[in-house]
Amino acid sequence: MSGAPAQPPRTTSHSAPSRSAAQLTCAINDTSGCLNNTATSTITTTTSPADADGSGNSFNAADLTRTAGWHSGRTVTIDGATITLPKFGTGTYDNMLASGQTLTVPGSSVVNTGDAVVFLAFATGAAAKDATGTIAYAKNNCLNPNGDPTDQDYRLDTVPDWLSGPPSAASITLVHENHSNNTQTSPSSGPKIYAVSVPLACPGSVISSISLPQFTNGVQAAQPALHILGLGIRPTTATGSGSSAQHWVGTWASVQDTDKVQSSNGSTAAVNSQTLRIPAHVSIGTDSGNGARIHLSNAMGATPVTFHAASVALQDTTAAGPTAAAAPVTLTFDGSPSVTIPAGGDATSDPVALTVQRQATVLVSLQVHGEAPAMPGNSVARTPVWVSDRADRTSDTAAAHYTQTTYTGLPYLSGIDVTTSTSSPTGSLVLYGDQSVNGDTTSDDGRHHLSDAITNALVNDPHGDASLDYGVLNAGTDSNSTLPPITNSTNPVNALNPHDRNVLVQGNVRTVLVSTGAADLRNCTSDANTCATDVENGLASLDSQLSSYYTDDSQIYINQQPVTQNSNITVYLATITPFTAVHPGTAAQEAAREQVNTYLLDNYPGRLIDFAAAVSTDGTATSSTVKAADLSDGNPSDAYYADLAGRYVNDTDSDTLIYPPN
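Just so we're clear, the structure is a prediction, and the values are computed from it rather than from any experiment. (Residues numbered from 1 in each chain as written. Predicted model: local features only at pLDDT ≥ 70, side-chain atom pairs only at ≥ 80, totals over all residues. Heavy atoms only, no water.)

Peer 1: Before we move on, could you go through the sheet that holds strand β15 (residues 207-211) and cite the residues and values that matter?
Peer 2: The strand order across the open sheet built from 5 strands is β1-β7-β15-β9-β10, with neighbouring strands paired in mixed fashion. Every other strand in the sheet has two partners, leaving β1 (25-27) and β10 (152-159) as the edge strands with one partner each. Going across the sheet, the axis of each strand differs from the next one's by a mean of 25°, ignoring polarity. Across 4 bridges, the pairing between strand β9 (residues 128-137) and β15 is antiparallel. Bridge assignment links Thr134 to a residue of β15, and that residue is Ser211. (Pairing = 2+ DSSP bridges. Helix = DSSP H or I, 4+ residues; strand = E, 2+ residues; numbered from the N terminus. Axes fitted to C-alpha atoms, helices over the stretch in contact; angles between N-to-C directions.)

Peer 1: A description of the side chain of Ser436 should follow, citing residues and the corresponding values.
Peer 2: Structurally, Ser436 is set in helix α2 (residues 435-438). At 2.8 Å, the side chain of Ser436 forms a polar contact with the side chain of Ser515. (Polar contact = N/O pair within 3.5 Å; in protein donor to acceptor, adjacent residues only side chain to side chain.)

Peer 1: Give a detailed account of helix α3 (residues 450-459), specifying residues and quantitative values.
Peer 2: Of all 10 residues in α3, 9 are buried; the element is thus mostly enclosed. Of the positions making up α3, those classed as buried are Leu450, Ser451, Asp452, Ala453, Ile454, Thr455, Ala457, Leu458 and Val459. The inward-facing, buried residues of α3 contact β20 (275-281), β34 (428-433), α2, β35 (471-476), α8 (611-615) and α9 (638-653). (Buried < 20%, exposed > 50% of the residue type's maximum accessible area, 1.4 Å probe, protein only. Contact = heavy atoms within 4.5 Å.)

Peer 1: Give me the lowdown on unusual backbone geometry, citing residues and values where you can.
Peer 2: Residue Pro498 is reached from Asn497 by a cis peptide bond, and omega for that bond is 5°. Examined against the element boundaries, Pro498 turns out to sit in the loop between β35 and α4 (499-504). Here the phi dihedral of Asn508 falls at roughly 55°; this positive angle occurs in a residue that is not glycine. Tracing the backbone through its elements, the reader meets Asn508 in the loop between α4 and β36 (509-515).

Peer 1: I'd love a proper account of helix α6 (residues 528-547), names of residues and values included.
Peer 2: A rise of 1.5 Å per residue sets the reference length of α6, with its 20 residues, at 28 Å; its end C-alpha atoms lie 28 Å apart and thus fit the reference within 8%. Within α6, 14 of the 20 residues are buried, which leaves it mostly tucked inside the rest of the structure. You can read the cap of α6 off the contacts: a side-chain oxygen lies 3.2 Å from the backbone nitrogen of Asn529, and it is on Asp527. (Expected span 1.5 Å × (residues − 1).)

Peer 1: Which residues make up the sheet that holds strand β8 (residues 116-124), and what are the values?
Peer 2: What the 5 strands build is an open sheet, ordered β6-β16-β8-β14-β11; its pairing is antiparallel. On the outer flanks of this sheet lie β6 (96-97) and β11 (170-173), each paired with one strand and no other. Relative to strand β16 (residues 225-234), β8 runs antiparallel, the two sharing 9 bridges. Within the sheet, the bridge partner assigned to Ala121 lies in β16 and is Ile228.

Peer 1: How would you sum up the packing of aromatic side chains? Please name residues and give values.
Peer 2: Within this structure, the stated rule accounts for 7 aromatic pairs. Each ring, one from Phe119 and one from Tyr154, has its centre 5.5 Å from the other, and the planes form 40°; the classification is tilted. Of this pair, Phe119 sits in strand β8 while Tyr154 sits in strand β10, and the two are 35 residues apart along the sequence. Of the two residues, Phe119 and Tyr154, neither departs from the other in class, the shared state being buried. Plain terms: the ring middles of Tyr599 and Tyr604 are 6.0 Å apart, the flat faces sit at 75° to each other, and that makes the pair edge-to-face. Judged by its relative accessible area of 19%, Tyr599 falls in the buried class. Among the aromatic side chains, those forming a connected cluster through ring pairs are Phe59, Phe122 and Trp162. (Phe/Tyr/Trp six-rings, centres within 6.5 Å; stacked < 30°, edge-to-face > 60°.)

Peer 1: Summarise the environment of Thr516; cite the residues concerned and give the values.
Peer 2: Mapped onto the elements, Thr516 comes out in the loop between β36 and α5 (518-523). For Thr516, a relative accessible area of 3% translates into the label buried. The spatial distance from the C-alpha of Thr516 to the C-alpha of Gly240 is 37 Å, given a sequence separation of 276 residues. When sequence neighbours within four positions are dropped, the list of residues in contact with Thr516 reads Gly433, Asp434, Thr482, Leu483, Leu539 and Ile576. Engagement of the side chain of Thr516 in a polar contact is seen with the side chain of Asp434, the distance being 3.3 Å. At 2.6 Å, the side chain of Thr516 and the side chain of Thr482 are in polar contact.

Peer 1: Could you give me a rundown of the pairing of β36, with the residues and numbers involved?
Peer 2: Across a regular strand the side chains alternate sides, sitting on one face of the sheet and then on the other. With 7 of 7 residues buried, β36 lies mostly within the body of the structure. Bridge analysis of β34 against β36 gives 6 bridges, and the strand direction is parallel. Within the sheet, the bridge partner assigned to Gly433 lies in β36 and is Ser515. The sheet contact formed by β36 and strand β39 (residues 570-574) spans 4 bridges and is parallel.

Peer 1: Tell me what's going on with the pairing of strand β14 (residues 192-199), and back it up with residues and numbers.
Peer 2: The element β14 is largely enclosed, with a buried count of 8 among its 8 residues. Alternating positions in β14 separate into two faces, Lys192, Tyr194, Val196 and Val198 on one and Ile193, Ala195, Ser197 and Pro199 on the other, with burial throughout. Here β8 pairs with β14 via 6 bridges, running antiparallel. By the bridge assignment, Phe119 is partnered in β14 with Val196.

Such coordinate-based values are descriptive only and should not be taken to indicate function.
Listed below in structure tokens is the structure:
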């Protein structure tokens, strides 16, 4: 709109009262009976009435629908959970101010068991902190050790403010903010919606209802209010029942850290009705079930993307490149050959029969429908990507219609799962962190990330039996920080993004190895103690978040009924490796790094992998230089990551870890 004010109008008056939430009950897939606030408006000749924050400001409906692909009254899948959106943009109630509403979970037509509840939420007036509610389980589900029924109390540590909250944690960031005087502005940070997950104490148990926190019953300027658009239950990796039961484990992963994958010349990579063929060098193979499925993500995308067709195949080991060993297997999504993923969303394919060998290279082919002028993905993937002519080439076995791109990143593909034993399933190890995990300077064949090095080291371990007992997943990013901001407590018990979608959604995660902090130290300009303390607090917060979640298949049973005793995800922390000449640190930053490593060695015995000692000149965590044999042109080389992997395997062999991976 023309003539919009530079700043949105703000008032200190009370907003119109919202509907009281007393005794409000609705279904998780139809929240109309629990809605009590209007936060989304449509600007035409007049602005439809909405007031998200007590000052007459609101989301712009067109940003959600036309731009992001979130449609009124339909579902979106965020961080693996399918969430039904309310109807919005008509001036009627379109969100729940959290004030004790009860959302029942039907016994059919929705996911009613899982490992986490995902809340699609935002706060206004300031961040909403320490909001508590209750999860009720169905009869004979989630019993205490005495066999008595139990409910689960939960806490949302922090739901960030829609305008001032951290952009890195948002599931979706919109452009416009509408105002009650029929004007519209574009705040620099953009209005945001967040996904916050809550771990379920009894993974796989049937949930009967979820009560929202009693946090607020109205909106008032400058006063925190907690808004919830909807919520969904993230399924566990066990699917089906009886003869159709399957159990899944992650074998490969890639996380998104940019909304614009680049080409080597610095231009933004784009496709138009072409087919992408992406190689994935997996870790663990399929069991006798011979099943595979893929995960696609548009988490960092600003607009929806449609894949007209998709397939999966094994790479021809002789010809290599984009040549498949056999005719690719067509993938479907809820039975359809095509799928549209809105901005911030993700999708999982239906299972297909495919025998995948350990350390094989799987080719995933995706035909992008229409033009995609910017593709989200991992920015420095060190993995080749091929692209075809403007046609559906997903079924091609030969490489004739494919050309290798100059992409420096890897778009859309976020994970591959394979079947594991239903009676004795294996889990996955997720490697999470910055460039130390991502392998930004390794060989660019897609086979030399830290996950590949650890897989190789486990298979070739002289103390092992040449087997690979769990999936090894790479969740490394090129981000300047993977540490969570300390917004409330250093001991949070639930996760925001990007940690939820990058780590906790992975296939049957049982162990997480966190290796991060170097970039945070290099970006810190304070004194050494301040820089070190910030990183120490961030690592402690991340450890608390991740270890508050439970493994999918750890539930124990008494008299064939599930009880609340189960296993938390195990978190390992790694010491921070020395700075290099290409990415040097100041004297204060080096002192801070050594302080952080001393803190880790003192406080995390039995859960620490000493990566710094593995690559440092004198083999200690406080040595300030990397040994020359692990560097190439001043950057970490393939040998560097092999040494990190060797340290990990050595520590698992020597029983120095109190909770070994499985």
